[in-house]
Amino acid sequence: MSWDIVATLAVTFIAVFLFATEKIRMDAVAVLVLSSLVLLGQIDTKSALSGFSNSATVTVTAMFVLAAGLQNSGALDSIGGLLAKVKTPWLFILVLCGVNAAISPFVNNTAVVAVLIPIVIAASQNINLAPSKSLIPLSFASQMAGVCTLIGTSTNLLVNSIAQNQGHSGFGMFEFAPLGIIFFLVGTVYLLLTSRFLLPESRLQLEEGVGFGKYVSELKVNKNSVLIGKSLAESGLIEEFSLFAVGLLRNGERLSTPSHQVLQKHDIILLRGESADLSGAREKYGLHHVVYGRRDLDEDDFDDLMVAEVMIAPTSRWVGGTIPILQQRWNKDATVLGLQRRSRVIRERLRGISFKMGDILLLTLPKEDMDDLRKDKDFIVLSSDLVKTEESWRAKFALWVMVGVVGTAAIGIVPIAISSLVGAVAMCLAGCLTADEAYQSIDWKIILVIAGLLPLGEAMANSGAAQFIVDNTLGKVGHFGPLVVLAVLYLLTSTLTEFMSNAGTAVLLTPIAISTAQALGVDASPFIIAVMFAAATSFMTPVGYQTNTMVYGAGGYKFGDFIKIGLPLNIIFWILGVIFIPVFFPFNP
């Protein structure tokens, strides 16, 4: 084994470990990979920086802006009205899948789900359907529809770009649409048949403005509190309001057995529970919320305020930030009362917790500021009404711009990277969004991941690392024929995607797919398509795809809910891939 292979494989395995464990942010991992490859002599400076000018990177960047223009202009507002007209649960899921079929192939599916979450929640409530019955179908349908075109997901563009860099001709805008439509139709039927039975019944009380699960909140004991001299267990607070004492701090020190400590003035209690229960305990027992950067809130402060629940958006500038930083730098008169993270129970002080995409914040703010909060792209307001933006010519203009972007690229007038850039500029010039909003709409973390990992694909191919992996893994089943190898590759990609970045999975396995085809003496297209479809459809875990993470908190799901409904769908897609990929993309065309 040569030094080049050893160095490239070492970087690759470390990257896989970091992606899977999330010990470091995935954009930081991408930059680390890029730097390591240069320092180890596996790529030169020109190759290292080529990812930033790659057509996939440029296209994904422009697509974020286009999606924001559609949203800001009100072009997507009619969706809320359409869903509000549906009166039966099964038809609601069908219409929801249909909406995704019309939008997600052309607009980044993460942006689509961000727009639709509050709309779907409100529309579900209108027909007495638990939002937990519709939010996972929203996420899954966006992924299923996204694989129907080249621009439906960033994964498609990334895999296509890596394949072109390694000598493949690449794919057209709608080249794999027939295959994607089969996947989408079968997936839609599956959701219609199973979502009613396999998804939980989590009822939300949106008419009261709250209801999205349990928050951890810090409450300080007032000098006149009836809790002074008693323990939480003795007071009855825990049982009365169904709360859980996560921790107790006195003079900055954490005390053990928080429920049984005799409370003193200014003790800080970390309580976990529903928003309404936290509010009730605060009122009855003389507590007030600890607020960083401002004075603590007492009961009189709530008279002219409303409570809202918001999710940290995928493109939020606050990802990696903390509550104290948010309170000090946010230009809104809002206060964070609690934090919810579906992946774990929070047990430490809130001030030290860094925000992640999908975290839900419990806020209080003046009623007149609610409209401004809805427009803030850093957050997705969950407690939302079906509010329509005032109609204007910009909505129709934004739709025609999107048609022009897709149409000109599809018929080959200009490359998709150029048409999407022109479309993004047109959106800004027409006032569909401002330049600042355009920059804010871009998920720079994804851009860094794509640009940083693209050279890894080149290094794997050039160093011989991809061929080495093939010889020692897929090559072992090569004698069974290309169909068996395709099945193993699809299954491997699908499994990895559930636990690490889908972009990382795509970069890792696309060179392997191409090397596998070369070793077998067949066309690489079916193997590339297998990686593309498997990496872009992740159903089994809430961390496998961004849209899953977004609905995880909003729907009040448990980790097992995704396994219950997602694992069978993964298996179905695997079987569909093995059957139909060779039909549309033969091994020997």
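Values in this document were obtained by computation on a predicted structure and should not be read as measured data.

Engineer: Kindly report on the packing of helix 21 (residues 482-497) against helix 23 (residues 525-536), identifying the contributing residues and their values.
Structural biologist: The interhelical angle for the contact between helix 21 and helix 23, taken along N-to-C directions, is 25 degrees, at an axis separation of 8 Å. Here helix 21 lies roughly parallel to helix 23, going by the angle between them. Crossing of helix 21 against helix 23: the hand is right-handed. Across from P482, V485, L486, L489, Y490, T493, S494 and T497 in helix 21, the residues of helix 23 making contact are P526, F527, A530, V531, F533, A534 and A535. Of the residues assigned to the contact of helix 21 with helix 23, the class counts are 12 nonpolar, three polar and no charged.

Engineer: Could you give an account of the pairing of strand 4 (residues 268-274), with specific residues and numbers?
Structural biologist: Burial of strand 4 is extensive: five of the seven residues sit out of reach of the surface. With seven bridges connecting them, strand 1 (residues 214-221) and strand 4 associate as antiparallel partners. Residue pairing for strand 4: K214 is matched across the bridge by E274. Bridge analysis of strand 2 (residues 244-250) against strand 4 gives five bridges, and the strand direction is antiparallel. Each bridged residue has a counterpart across the sheet, and for G247 the counterpart in strand 4 is L270.

Engineer: Go over the packing of helix 19 (residues 444-463) against helix 22 (residues 502-520) with me, naming the residues and quoting the values.
Structural biologist: Between helix 19 and helix 22, the least distance of the axes is 9 Å, while the angle of their chain directions is 20 degrees. Classed by the angle they form, the pair helix 19 and helix 22 counts as roughly parallel. Classified by chirality, the crossing of helix 22 by helix 19 is right-handed. Packed against helix 19, whose contacting residues are V449, L453, L456, G457 and M460, the element helix 22 presents A503, G504, V507, L508, P511 and I512 at the interface.

Engineer: Outline unusual backbone geometry, supporting the account with residue identities and numerical values.
Structural biologist: Positioned with a positive phi, T257 is a non-glycine residue whose angle comes to about 40 degrees. Structurally, the position occupied by T257 is in the loop between strand 3 (253-255) and strand 4. Assessed through its relative accessible area of 49%, T257 is described here as partly exposed. A positive phi is found at H266, a non-glycine position, where the angle reads about 75 degrees. Of note, H266 is situated in the loop between strand 3 and strand 4.

Engineer: Could you give me a rundown of the nonpolar core, with the residues and numbers involved?
Structural biologist: With 166 residues, the main nonpolar core has F92, I117, L237 and L271 as its most contacted residues. Leave out the neighbours within four places in its chain, and I117 touches L135, L138, M311, I380, L382, M550, V551 and A554. If you look at the next biggest cluster of nonpolar residues, it comprises 29 residues, including Y292, V319, L363 and L365.

Engineer: Account for helix 3 (residues 45-53), with residues named and values stated.
Structural biologist: Taken residue by residue, helix 3 has S47, A48 and G51 as its buried positions. Down the axis of helix 3, the smallest arc covering the buried residues is 110 degrees, so these residues share one side. Seen from the buried face of helix 3, the exposed residues on the opposite side, beyond 90 degrees, are T45, K46, L49 and S53. Those residues of helix 3 that are buried are in contact with helix 2 (26-39), helix 4 (55-73) and helix 19.

Engineer: Quick rundown of the packing of aromatic side chains? Include the residues and the values.
Structural biologist: Remark: the centre distance and the inter-plane angle together describe each pair of aromatic rings, the angle taken between the planes. For the structure on display, the rule yields 13 aromatic pairs. Ring geometry for F539 and F573: centres 5.3 Å apart, planes at 90 degrees, overall edge-to-face. Of this pair, F539 sits in the loop between helix 23 and helix 24 (546-554) while F573 sits in helix 25 (residues 559-584); the two residues are 34 residues apart in sequence, bridging distant segments of the chain. A single burial state applies to F539 and to F573, both of which are buried. Considering the side-chain rings of Y557 and F562, the 5.7 Å spacing of their centres and the 75 degrees angle between planes classify their relative orientation as edge-to-face.

Engineer: Lay out the side chain of T155 with the relevant residues and their values.
Structural biologist: Looking at where T155 falls in the secondary structure, it is placed in helix 9 (residues 154-165). On the basis of relative accessible area, T155 is assigned to the buried category, the value being 2%.

Engineer: Mind laying out the confidence of the model for the chain, listing which residues take part and the relevant values?
Structural biologist: Across the chain, the average pLDDT comes to 85, with 94% of residues at or above 70. Averaged pLDDT values for the elements of the chain fall to 75 in helix 5 (residues 78-85) and rise to 95 in helix 23. In this model residues 205-210 is a low-confidence stretch, pLDDT under 50, and it forms 15 contacts with partners more than four residues away in sequence or in other chains.

Engineer: Which residues make up the pattern of salt bridges, and what are the values?
Structural biologist: In this structure the tally under the stated criterion is seven salt bridges. Among the salt bridges present, the one from E218 reaches R349, with a minimum N-O distance of 2.9 Å. Of the two residues, E218 sits in strand 1 while R349 sits in the loop between strand 7 (335-340) and strand 8 (360-366), which places them 131 residues apart along the sequence. By the burial criterion, E218 is buried, and R349 matches it. Here D359 makes a salt bridge to R341, at a shortest N to O gap of 2.6 Å. Here D359, found in the loop between strand 7 and strand 8, pairs with R341, found in the loop between strand 7 and strand 8; they are 18 residues apart in sequence, far enough to count as distant. By relative accessible area, which is 2% here, D359 ends up buried.

Engineer: Which residues make up helix 20 (residues 465-472), and what are the values?
Structural biologist: For helix 20, the complete set of buried residues consists of A465, A466, I469 and V470. Looking straight down helix 20, one finds its buried side chains confined to an arc of 140 degrees; they lie on one side. Those residues of helix 20 that are buried lie in contact with helix 1 (3-21), helix 19 and helix 22.

The rules behind the values
- Sequence order as written defines the numbering, with residues in each chain counted from 1.
- Residues qualify for local features only when their pLDDT is at least 70, as the model is predicted, and side-chain atom pairs are given and counted only at 80 or more; totals for whole chains, interfaces and linings, by contrast, use all residues.
- Water and hydrogen atoms were dropped before computing side-chain values, which therefore reflect all heavy atoms in the structure.
- Axes here mean lines fitted to C-alpha atoms, for a helix over just the part in contact, with angles spanning 0 to 180 degrees between N-to-C directions.
- Counting from the N terminus, the helices are the DSSP runs of H or I reaching at least four residues and the strands are the DSSP runs of E reaching at least two.
- An angle below 35 degrees is treated as roughly parallel, one above 145 as roughly antiparallel, one from 65 to 115 as roughly perpendicular, and anything else as oblique.
- For any helix crossing, the convention is left-handed if the near helix is rotated counterclockwise from the far helix by under a right angle, and right-handed if that rotation is clockwise.
- The contact criterion used throughout is that any non-hydrogen atoms of two residues lie within 4.5 Å.
- Gly is put with the polar residues, along with every residue not named as nonpolar or charged; the nonpolar set is Ala, Val, Leu, Ile, Met, Phe, Trp, Tyr, Cys and Pro, and the charged set is Asp, Glu, Lys and Arg.
- Here's how the labels work: a residue is buried when its accessible area is under 20% of the maximum for its type, exposed when over 50%, partly exposed in between, all with a 1.4 Å probe on protein chains only.
- One bridge is not enough; two strands pair if DSSP finds at least two bridges between them.
- Grouping buried Ala, Val, Leu, Ile, Met, Phe, Trp, Tyr and Cys residues that are joined through side-chain atoms within 4.5 Å yields what is termed a nonpolar core.
- Taking the helix axis as origin, the arc is that swept by the directions to the C-beta atoms.
- Here is the rule: rings of Phe, Tyr and Trp (six-membered ring for Trp) pair when centre to centre is within 6.5 Å. Planes less than 30 degrees apart are stacked, more than 60 are edge-to-face, and the remainder are tilted.
- pLDDT runs from 0 to 100 and stands for how confident the predictor is about each residue.
- Each salt bridge in this description consists of a side-chain nitrogen of Lys or Arg and a carboxyl oxygen of Asp or Glu lying within 4 Å of one another.

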